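Structure assessment
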Amino acid sequence: MGAHTLNKADEIGQLLKVRCGVCRVTHFYRPGDVAQLFGDVTILDIEGRFHCSRCNSKEWIDLKYVMPSAADRVKMTVRHLVKIKSVRVPVWRDVKG
Ligand SMILES: [Zn+2]
């Protein structure tokens, strides 16, 4: 498991389970939401790129797909993507004169 893409996982009802080994916190994401950030890639492609929303670490992030039953799913808290904020970053250059 894990070789298929995020959108495929979303299609078949899987969730992306993300655990941070530093914070020891687990969150569940909709793979289709994650695909909006990283593109329709596999888990292997986002390994090392997914930051913990709490400590911002990416080295200790463990990603896997889970397939909750409908009964389990209603009890779970799933993170929904609200929006993607684009941050304005100034770029400076020193010019003579
Ligand atoms: Zn963390």
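As a starting point, this report considers the structure included with it. Being a predicted model, the structure only gives us computed values, none of them experimental. (Residues numbered from 1 in each chain as written. Predicted model: local features only at pLDDT ≥ 70, side-chain atom pairs only at ≥ 80, totals over all residues. Heavy atoms only, no water.)

What follows is about the packing of aromatic side chains. One pass over the full model with this rule turns up two aromatic pairs. Between Y29 and F50, the ring centres sit 5.3 Å apart and the planes meet at 75°, which makes this aromatic pair edge-to-face. Note that Y29 is positioned in strand β2 (residues 25-29) and F50 in the loop between α3 (43-46) and β3 (61-66), a separation of 21 residues in sequence. By the burial criterion, Y29 is buried, and F50 matches it. One aromatic cluster is present, formed by Y29, F38 and F50 through successive ring pairs. (Phe/Tyr/Trp six-rings, centres within 6.5 Å; stacked < 30°, edge-to-face > 60°. Helix = DSSP H or I, 4+ residues; strand = E, 2+ residues; numbered from the N terminus. Buried < 20%, exposed > 50% of the residue type's maximum accessible area, 1.4 Å probe, protein only.)

This part covers the coordination of the zinc ion. The zinc ion binds to the protein through C20 (SG), C23 (SG), C52 (SG) and C55 (SG); the donor distances cover 2.3 Å. The coordination sphere of the zinc ion comprises four donor atoms, whose angles at the metal cover 105 to 115°; the geometry is tetrahedral. (Donors = N, O, S within 2.8 Å, 3.2 Å for Na, K, Ca; no water. Tetrahedral: all angles 85-135°; square planar, octahedral: opposite > 155°, others 65-115°.)

This next bit is on the pattern of salt bridges. Summed over the entire model, instances satisfying the criterion amount to three salt bridges. A salt bridge links K8 to E11, with the nearest nitrogen and oxygen atoms 3.5 Å apart. Of this pair, K8 and E11 both sit in helix α1 (residues 6-11), separated by three residues, roughly a single helical turn. A relative accessible area of 63% means that E11 is categorised as exposed. In this structure, D72 engages K75 in a salt bridge whose closest nitrogen and oxygen atoms are separated by 3.8 Å. The class of K75 is exposed, set by a relative accessible area of 66%. (Salt bridge = Lys/Arg side-chain N within 4 Å of Asp/Glu carboxyl O.)

A few words on helix α2 (residues 31-38). Taking burial as the measure, the eight residues of α2 include six buried ones, the bulk of the element. Where α2 is concerned, the buried positions are P31, G32, D33, V34, A35 and F38. Where α2 is buried, its residues touch α1, β1 (15-20), β2, α3, β3 and β4 (78-79). Immediately downstream of α2, the backbone of G39 shows phi near 90°, a positive value. (Contact = heavy atoms within 4.5 Å.)

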